[in-house]
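# Structural overview
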Amino acid sequence: MTGAKIFTVANQKGGVGKTSSVIQLASGLARRGDKVLMVDGDPQGNLTLFFGSRDKLDFSRLLADLASGSPAKAEAYVNSRVRKNLDLLPAGNKRLRLEMRDTEVERAYGPFADFIGSLTSRYDWIIMDSSPSNSPLERLLIRASDAVIIPLEFQLFSVSGLESILEEVKSCSAEAGKEIHVHSLLFTKAENRLHRVQTYRELFSSFHIPVYEICKSEYISRSLEKSRTIWECGPSSYAARDYRTLIDKGFQVRP
Ligand SMILES: Nc1ncnc2c1ncn2[C@@H]1O[C@H](COP(=O)(O)OP(=O)(O)O)[C@@H](O)[C@H]1O
Ligand SMILES: [Mg+2]
């Protein structure tokens, strides 16, 4: 055991399936028996809303505490067992915006990486959701990670989005003085009948990053509406099959 591997699920674009992927991936790993912590790094708090846990101090408060040098005890922020083997560090769902200046977020870069690093001995995987923005907040999460998962849609303008997030990962790597990998591209809402889908597959394969596809499925929207994971509401759906492939191939070995 070398401690948890830390991932951020990131794309500066909204609605590409970041939060749904954190939910299904993290809960799938937890069902396999791995110990998983999710961090809701999006102040909009969609991930937190899904799991309905609000009794702990939130992510924004954690950053404020870390930026001001206050000691941050994990127990004050982490909801344990939102499911078996699955914990959550929530985001405040009342405030839609992070009430922190960029400079304060930047001050929290190092302390946040240390805080998350201090939790790695308790988990196999730490998976962080991020907000759709190219902001210091997203950089804070990426800098604290070992690797990034990039959800995308099969669209031509996803290419420029991908290029910009790859640039960001690279510059975060340089600033943090460590290698931050791109774990995979995750095509959510994949449909074979989509126009030019084969062209997109070839185009994205030229980036030489492992690619996974999650088919477009009603079960995903139903899962979000009902606050039930795909394993709870549609374990034999095609979407569950696809997330299982991601888990089995991309998260084969516990760290
Ligand atoms: N595989 C999928 N099939 C169908 N709808 C999906 C799929 N993945 C995500 N969605 C839908 O896309 C919308 C945005 O997803 P979400 O995870 O909230 O994106 P983000 O966190 O990137 O903003 C949601 O309404 C969700 O139901
Ligand atoms: Mg989201």
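The model shown is predicted, which means the values in this text are computed figures rather than measured ones.

## Focus: the overall build of the protein
- If you tally the helices and strands in the protein, you get eleven helices and eight strands.
- Across its three principal axes, the protein shows a C-alpha extent of roughly 55 × 40 × 35 Å.
- Here the analysis covers contacts within the protein between residues at least 6 apart in sequence; of these, 78% occur between residues at least 24 apart.

## With respect to the packing of helix α6 (residues 136-143) against helix α7 (residues 158-176)
- Between α6 and α7, the least distance of the axes is 9 Å, while the angle of their chain directions is 65°. Seen from above, α6 lies across α7 with right-handed handedness. Contact with α6, carried on its side by Arg139, Ile142 and Arg143, involves Glu168, Val169, Cys172, Glu175 and Ala176 of α7 and no other residues of that element.
- Considering only residue class, the contact of α6 with α7 consists of four nonpolar, no polar and four charged.

## A word on the pairing of strand β7 (residues 181-190)
- Counted residue by residue, β7 has seven buried out of ten residues, so it is predominantly covered.
- One ladder, built from six bridges, connects strand β6 (residues 147-152) with β7; its direction is parallel. Bridge pairing links Ala147 to His181 in β7.
- The pairing of β7 with strand β8 (residues 211-215) spans four bridges and is parallel.

## Notes on the pairing of β6
- The element β6 is largely enclosed, with a buried count of five among its six residues.
- With three bridges joining them, strand β1 (residues 5-9) and β6 adopt parallel strand pairing. Residue pairing for β6: Phe7 is matched across the bridge by Ala147.
- Following the backbone out of β6, through α7 and into the adjacent parallel β7, one traces a crossover that is right-handed.

## Let's talk about the site of ligand 1
- Taken together, 18 residues form the shell around ligand 1, and within it Gly17, Lys18, Thr19, Ser20 and Ser221 come nearest.
- The set of elements that each furnish at least two residues to the shell around ligand 1 consists of α1 (18-31), β7 and α9 (218-226).
- Classifying every residue of the shell around ligand 1 by side-chain character gives six nonpolar, nine polar and three charged.

## What about unusual backbone geometry?
- The phi angle at Asn85 is positive, at roughly 65°, despite the residue not being glycine.
- As for its position among the elements, Asn85 is in the loop between β3 (79-83) and β4 (86-89).
- Although it is not a glycine, Ser227 adopts a positive phi angle of roughly 55°.
- Take Ser227: there are 13 C-beta atoms within 10 Å of it, and that puts it in the partly exposed class.

Cut-offs and rules
- Residues numbered from 1 in each chain as written.
- Chains lettered and ligands numbered in written order.
- Predicted model: local features only at pLDDT ≥ 70, side-chain atom pairs only at ≥ 80, totals over all residues.
- Helix = DSSP H or I, 4+ residues; strand = E, 2+ residues; numbered from the N terminus.
- Contact = placed C-beta atoms within 7 Å.
- Axes fitted to C-alpha atoms, helices over the stretch in contact; angles between N-to-C directions.
- Left-handed = near helix turned anticlockwise from the far one by under 90°.
- Nonpolar A, V, L, I, M, F, W, Y, C, P; charged D, E, K, R; others polar.
- Buried ≥ 20, exposed ≤ 12 C-beta atoms within 10 Å, placed from the backbone.
- Pairing = 2+ DSSP bridges.
- Right-handed = clockwise from strand over helix to strand, strands pointing away.
- Near = placed C-beta within 6 Å.

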